[in-house]
Amino acid sequence: MVPDQGTLTQLMIMLRILQGEDRPADISREVGITLQGVQYNIKQLEKRGLLDQNGHVTKDGFAFVETYLTNLRDFVSSNLSRLDTVNTWEAIADNDFSKNDRALLRMEGGYLHALATDGPYSGTAAWDARKGEIVGIGQVKEKIEVNIGEVMILVVPVSPSIGKSSALMEEIGKASQKNHIIAVSGEHAYYLVRTAGYDPRIEFASLEGSFEAASRGLNVLLVISSRRFHFALSLIKEMETRYPEINLQIKYL
């Protein structure tokens, strides 16, 4: 059980006394309460039999301190374990893992991968996993390097003839050759990209998805109609604020 604030204050006072501090003014400064507060708590500790009339810790006082310090230790240990669980990163296993195996983390194709290693490592496996499965990596001790991608927004006019535009085909083709993934916003963009022979990887919440993909190291070509683009301007500004590290380019056909 974790002590309440009053008990915690008394515990801190007793720890100072055990360390040889007997001046209330010094205890007040170290514990962070008023001098009157220290004097009041000392009287309460004497009434409870935890301090004697000379201000020394009694046998019951030692038991009090030991009990609450043990409770605090268990509380801290338990919650550190919970934090470690919360901070477990999910990754795709590049080979078989046993629990506690060392893992090297890296980004590939926008996803976090874990490679078992005997050399430098990023963290340890939280459970067993086979190659290709998800493995949790805990005790992560360093940031994972990610080469931030870019977002290119291609604004296309709403026109029946645009689907036959060589400029459109050229832009999509160049992006594909540079390993950009294709995103579309709306029916017109979806139709144009499919007509050009490409399957978009991002179709819905495309602006948000494009910036998240770029934050994971991917380059993105987002095709959007001029009509929808005007309605998306405020969201584009929001994404630029949220992801200032991402290079955004806008091109009009």
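Here, every reference points to the structure presented above.
Here is a short report on the structure shown in this document. Within every chain, residues take consecutive numbers counted from 1 along the sequence as written. Where totals are concerned, whole chains, interfaces and linings use all residues; where local detail is concerned, this predicted model gives features only for residues with pLDDT of at least 70, and gives and counts side-chain atom pairs only at 80 or more. Side-chain calculation: all heavy atoms of the structure are included, whereas hydrogens and water are not.

Between the N-to-C directions of two axes lies an angle of 0 to 180 degrees, each axis being a line fitted to C-alpha atoms and, for a helix, fitted only over the stretch in contact. Helix and strand assignments follow DSSP, with helices taken as H or I runs no shorter than four residues and strands as E runs no shorter than two, numbered in order from the N terminus. One way to put it is that helix α7 (residues 206-215) packs onto helix α8 (residues 226-242) with a least axis distance of 10 Å and a crossing angle of 25°. Taken together, the axis directions place α7 and α8 in an arrangement best described as roughly parallel. The two elements α7 and α8 meet at a crossing, and its hand is right-handed. Side by side, α7 and α8 meet where L207, E208 and F211 of the first sit next to A232, L235, I236, M239 and E240 of the second. A breakdown of the residues in the contact of α7 with α8 according to their chemical character gives 6 nonpolar, no polar and 2 charged. Here is the rule for angles: anything less than 35 degrees is roughly parallel, anything more than 145 is roughly antiparallel, 65 through 115 is roughly perpendicular, and the remaining ranges are oblique. By definition, any crossing whose near helix is turned counterclockwise from its far helix by less than a right angle is left-handed, and any crossing with a clockwise turn is right-handed. In what follows, residue pairs with any heavy atoms lying within 4.5 Å of each other are defined as contacts. Gly is placed with the polar residues, together with every amino acid not listed as nonpolar (Ala, Val, Leu, Ile, Met, Phe, Trp, Tyr, Cys and Pro) or charged (Asp, Glu, Lys and Arg).

Next up on the list: the nonpolar core. Among the nonpolar cores identified, the biggest contains 21 residues, and V151, I153, L207, F211 and I236 are the most heavily contacted of them. Those elements that provide at least two residues to this core are β6 (150-156), β7 (181-185), α7, β8 (220-225) and α8. Leaving out residues up to four positions away in the same chain, L207 has contacts with I153, L222, A232, L235, I236 and M239. To qualify as a nonpolar core, a set must consist of buried Ala, Val, Leu, Ile, Met, Phe, Trp, Tyr and Cys residues joined through side-chain atoms within 4.5 Å. Partly exposed describes any residue whose relative accessible area lies between the buried limit of under 20% and the exposed limit of over 50%, with all areas from a 1.4 Å probe on protein chains only and scaled to the type maximum.

What follows covers the sheet that holds strand β2 (residues 102-108). Spatially, β1-β3-β2-β4-β5 is the arrangement adopted by the 5 strands of the closed barrel, whose pairing is mixed. For this sheet, the mean angle separating the axes of adjacent strands, direction not counted, is 55°. Across 2 bridges, the pairing between β2 and strand β4 (residues 123-125) is antiparallel. Note on β4: the bridge partner recorded for A103 is G123. Two strands qualify as a pair provided that DSSP identifies no fewer than 2 bridges between them.

Right, let's get into the environment of V155. Along the polypeptide, V155 turns up in strand β6. Its relative accessible area of 2% is what places V155 among the buried residues. Leave out the neighbours within four places in its chain, and V155 touches I224, S225, S226, F229, I250, K251, Y252 and L253.

Here we come to the side chain of D94. Mapping D94 onto the fold places it in the loop between β1 (89-93) and β2. Assessed through its relative accessible area of 18%, D94 is described here as buried. Polar contacts here mean pairs of N or O atoms no more than 3.5 Å apart (in protein, one a potential hydrogen donor and the other a potential acceptor; neighbouring residues in sequence count only if both atoms are side-chain atoms). Side-chain polar atoms of D94 contact the side chain of H113, separated by 2.8 Å. Leaving out residues up to four positions away in the same chain, D94 has contacts with R106, H113, A114, L115 and K131.

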